[in-house]
Amino acid sequence: MTVHNQTRHWQELDAAHHIHPFSDTAALNKEGVRVITSAKGVWLTDSEGKRLIDGMAGLWCVQLGYGNEELAEAGYKALRELPYYNSFFKTTTPPTIELAAKLAEVLPEGMSRVLFANSGSEANDTALKLIRYYWNLKGKPQKKIHLSREMAYHGVTMAAASLSGLTPMHPQWDLPLPGFEKVPTCYWYGAKAAGYGDIGEDEFGELIAAKLEERILEIGADRIASFSAEPIHGAGGLIFPPRTYWAAVQKVCRKYDILLHADEVITGFGRTGKWFGSHTYGIQPDILTMAKGLSSGYQPISAVALGPRVGDAIAHANEEMVHGYTYSGHPVACAVALKNLEIMQREKIVERVGDDIGPYFQAKFREVLGDHPLVGEVRGVGLLCALELVDDKAERRFFPEVGDVGTICRNHCFREGLVMRAIRDTMVCSPPLTITRDEVDQLVALAKRCFDLTARDLGRL
Ligand SMILES: Cc1ncc(COP(=O)(O)O)c(C=O)c1O
C-alpha cells in the first residue's frame, strides 16, 4: 500500500468508527483526520511523512519531549514485573508508594499526602468530593458551594465541567450542576473591552479579588466550600494573573474560611520555571490537582495533593473513605511518572526552564513578534506564551467575529509545520521543556511566517 493510500484507509476507518474529543464529527470526517505516526524530541511525523514542530507538547503535557528511552524502559520493566495491582485491599505496589513520596518532595510545603487518579478531570472531580467530605467531617455540611472563575477550564466530568467557566461547555449537557457558582477573572488585557476602562494591571488584580469577596458576601460564606482556580488560565486563553491578584485572593479565602483548590494540571512540573505554579505565584493551596506533565503524558495518571488541613482530617477520620478508582496508583503509570520526576531532578529541567530556556523563549517571541501588526500583546512565563491577535492594537480592540482570525492563523501553522493552538484569537505555545535554543529559533521563525501569512490574508501586510 502506498503511503497516501494508507493514510486514506486510516481516514476512512477513523470517519466510520471514531468519535473525536472536542470535534465537529461531520466536518472532521469530511476533511479527513491527520494521523500522527511517530515523534522524537519536539518533532512530530504524520502518516504522509510530514514533520511538524510541536509547540503544544501534545496537550501541554510532554515535558520531556517524545522518544525518551528511559521512560519507555521504565514502563516496559514495570509491565514485566507487575502489570497491575490495586490499592484497595490493604495493598499497594512499590512504584505507587515511591511516587507518592517523591511528590511530597517537590510539592508546595506541607502537601504531604496524595490520592491517585487517571486524568485531570478525575483529579478535579475527586478534589471536589474531598472538599465536601472535609466539611462534612468538620460538622459544617452546609458549606457546599464551589466557586470558580469565568473562563476557567477544569475538565469534562459532570463536576469538572460544572466547575469550568467556559460557557460553551455547558448547554449540550445541561450543566452546570446546582452548587457551582462563577466569579469574574483577572483577564487584564481584555479589561478595556469588558468595560473596565484604562485600569492598571495591579489595580485590576485587586479589583477582581474584591469581586470574589462581594460574591462570597452575596451567597453567604457559611455556604461556600471552596474556591478553585488555575494559577494561570490555560485553555481559557493563557491568562496570567496580575502581581497583586493571588495574594489578595488568598486573603479573601482565609478571611471567610474557604478551601483553596489550585488546579495545576497545566502549570505543574516545571512549565512555569518552578515545580508548580503555586511556587511561582506564592500560592498556598489546601488542595492541589495535577496530571499531564506528571508522566510527561507517557501514561495516563493524575493526582490530588492534600495540605495538612484536608490531609489530616481524612487521615484521622477513623472511617472508610468511600472513593477510589480501579487504576488509582496503577504501578506502570506510577513507575513511568516516578522515572519522569527522577529525570527532571537529575537533568535540572525545572531550573533550566526558570533560568535559561524559559527566558530565552520569552525574549525571542517578544523580539520577533512583539511589533507584528496583528499582535496586541505577548505574555508569558517559563515555557508558556500567548500572543493576542487583535483588530486594533492601540485601542485593544478584538476582531468582531471572535475566533476567525485565530483559526486562519492556526491553519497556516499546521500547513507550515508548526503546532500552535488558537484560543479565540489568542495563539498559544507550550512546547516540551527539553526544547533547545535552536529549536526555539525555528519555532518562532515559523510562527512569524504564519502570522505574516495571516496578516496578508487580512490585507494588513
Ligand atoms: C487546568 C486543567 N484542568 C483539568 C484538565 C482536564 O484534564 P484531562 O483532560 O486529563 O481530564 C485540563 C486539561 O487540559 C486542564 O488544562
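Residues numbered from 1 in each chain as written. Predicted model: local features only at pLDDT ≥ 70, side-chain atom pairs only at ≥ 80, totals over all residues.

Colleague: Tell me about the site of the ligand, residues and numbers included.
Modeller: The environment of the ligand is formed by 15 residues, the closest being Ser119, Gly120, Ser121, Gly155 and Val265. With three residues, the single largest contributor to the shell around the ligand is helix 6 (residues 120-137). Looking at side-chain class alone, the shell around the ligand contains six nonpolar, seven polar and two charged residues. (Near = placed C-beta within 6 Å. Helix = DSSP H or I, 4+ residues; strand = E, 2+ residues; numbered from the N terminus. Nonpolar A, V, L, I, M, F, W, Y, C, P; charged D, E, K, R; others polar.)

Colleague: An account of the environment of alanine 26 is requested, with residue identities and associated values reported.
Modeller: Inspection of the secondary structure puts alanine 26 in helix 2 (residues 25-31). Sequence separation between alanine 26 and tyrosine 196 is 170 residues; the distance between their C-alpha atoms is 40 Å.

Colleague: Residue-level account of the pairing of strand 7 (residues 224-229), with values.
Modeller: With respect to burial, strand 7 is a largely interior element, six of its six residues being buried. When strand 5 (residues 145-149) meets strand 7, the two strands line up parallel, connected through three bridges. When the sheet's bridge partners are listed, histidine 146 is paired in strand 7 with serine 226. Relative to strand 8 (residues 259-263), strand 7 runs parallel, the two sharing four bridges. From the neighbouring strand, phenylalanine 227 faces strand 8, where its bridge partner is leucine 260. Since strand 7 and strand 8 lie parallel, the crossover through helix 9 (residues 245-255) that links them has a hand, and here it is right-handed. (Buried ≥ 20, exposed ≤ 12 C-beta atoms within 10 Å, placed from the backbone. Pairing = 2+ DSSP bridges. Right-handed = clockwise from strand over helix to strand, strands pointing away.)

Colleague: How would you sum up the sheet that holds strand 2 (residues 43-46)? Please name residues and give values.
Modeller: Overall, mixed pairing links the four strands, which are arranged 1-2-3-13 in an open sheet. Strands with a single pairing partner mark the edges of an open sheet, and in this sheet they are strand 1 (36-40) and strand 13 (418-419).

Colleague: Could you give an account of helix 14 (residues 404-416), with specific residues and numbers?
Modeller: Residues spaced three or four apart along an α-helix point in a common direction, a consequence of the helix completing one turn every 3.6 residues. The end-to-end C-alpha distance of helix 14, which contains 13 residues, comes to 19 Å, matching closely the 18 Å that a straight helix rising 1.5 Å per residue would cover. Turning to helix 14, its buried residues are Val405, Gly406, Cys409, Arg410, His412 and Cys413. Relative to the axis of helix 14, the buried residues are bounded by an arc of 160° and lie together on one face. Where helix 14 is buried, its residues touch strand 12 (384-389), strand 13, strand 14 (421-423), strand 15 (426-429) and helix 15 (437-457). The positive-phi residue at the C-terminal boundary of helix 14 is glycine 417, with phi of around 95°. (Expected span 1.5 Å × (residues − 1). Arc of directions from axis to C-beta. Contact = placed C-beta atoms within 7 Å.)

Colleague: Describe the sheet that holds strand 4 (residues 113-117), listing the residues and the values that go with them.
Modeller: The strands that make up a sheet are held in pairs by hydrogen bonds between backbone atoms, and each pair lies either parallel or antiparallel. Read from one edge of the open sheet, seven strands run 4-10-9-8-7-5-6, paired in mixed fashion. Of all strands in the sheet, those with a lone pairing partner are strand 4 and strand 6 (180-183), marking the two edges. Averaged over all adjacent pairs, the angle separating strand axes in this sheet is 20°, with direction ignored. Strands strand 5, strand 6 and strand 7 of the sheet are contacted by helix 8 (residues 201-219), whose axis makes an angle of about 145° with strand 6. (Axes fitted to C-alpha atoms, helices over the stretch in contact; angles between N-to-C directions.)

Colleague: Tell me about the domain arrangement of the protein chain, residues and numbers included.
Modeller: Partitioning the protein chain into structural domains gives domain 1 (34-67 + 348-457) and domain 2 (70-346). Averaged C-alpha coordinates put domain 1 and domain 2 at centres separated by 26 Å. In this complex, domain 1 contributes 27 residues to the contact, which on the side of domain 2 involves 26 residues. Contributing elements (two or more residues each) for the side of domain 1 that touches domain 2: helix 3 (57-60), helix 13 (349-369), strand 11 (375-381), strand 12 and strand 15. The biggest single contributor to the side of domain 1 that touches domain 2 is helix 13, with five residues. Per-class residue counts for the side of domain 1 that touches domain 2 are 15 nonpolar, six polar and six charged. (Domains from an automatic or database assignment.)

Colleague: Lay out the environment of leucine 418 with the relevant residues and their values.
Modeller: Here leucine 418 is to be found in strand 13. Among the residues examined, leucine 418 registers 23 C-beta atoms within 10 Å and is labelled buried. Linking leucine 418 and isoleucine 219, residues 199 residues apart in sequence, is a C-alpha distance of 46 Å.

Colleague: Outline the packing of helix 4 (residues 69-81) against helix 12 (residues 331-346), supporting the account with residue identities and numerical values.
Modeller: In the contact formed by helix 4 and helix 12, the axes pass within 8 Å of each other and the chain directions differ by 150°. One element, helix 4, and the other, helix 12, form an angle in the roughly antiparallel class. Read as a crossing pair, helix 4 and helix 12 show a hand that is right-handed. Packed against helix 4, whose contacting residues are Glu70, Leu71, Ala74, Gly75, Ala78 and Leu79, the element helix 12 presents Pro331, Val332, Ala335, Val336, Lys339, Asn340 and Ile343 at the interface. Taken together, the residues of the contact of helix 4 with helix 12 break down into nine nonpolar, two polar and two charged. (Parallel < 35°, antiparallel > 145°, perpendicular 65-115°, else oblique. Left-handed = near helix turned anticlockwise from the far one by under 90°.)

Colleague: Describe in detail the pairing of strand 9 (residues 287-290), supporting the description with residues and values.
Modeller: Here strand 9 shows a buried face lined by Ile287 and Thr289 and a second buried face lined by Leu288 and Met290. For strand 8 and strand 9, the ladder comprises three bridges, and the chain directions are parallel. Across the sheet, histidine 261 pairs through a bridge with isoleucine 287, a residue of strand 9. By the bridge criterion, four bridges tie strand 9 to strand 10 (residues 302-306) in an arrangement that is antiparallel. For threonine 289, the partnering residue across the bridge sits in strand 10 and is valine 304.

Colleague: Lay out the nonpolar core with the relevant residues and their values.
Modeller: Ile131, Ile287, Ala303, Val304, Ala305, Ala337 and Leu418 are the most contacted members of the largest nonpolar core, which totals 132 residues. Per-element tally for this core: the top contributor is helix 12, with nine residues. For this core, the domains that each give at least three residues are domain 1 (34-67 + 348-457) and domain 2 (70-346). Setting aside anything within four residues of it in sequence, one finds leucine 418 in contact with Leu52, Ile53, Gly55, Cys413, Leu443, Leu446, Ala447 and Cys450. (Core = buried A, V, L, I, M, F, W, Y, C linked by C-beta atoms within 7 Å.)

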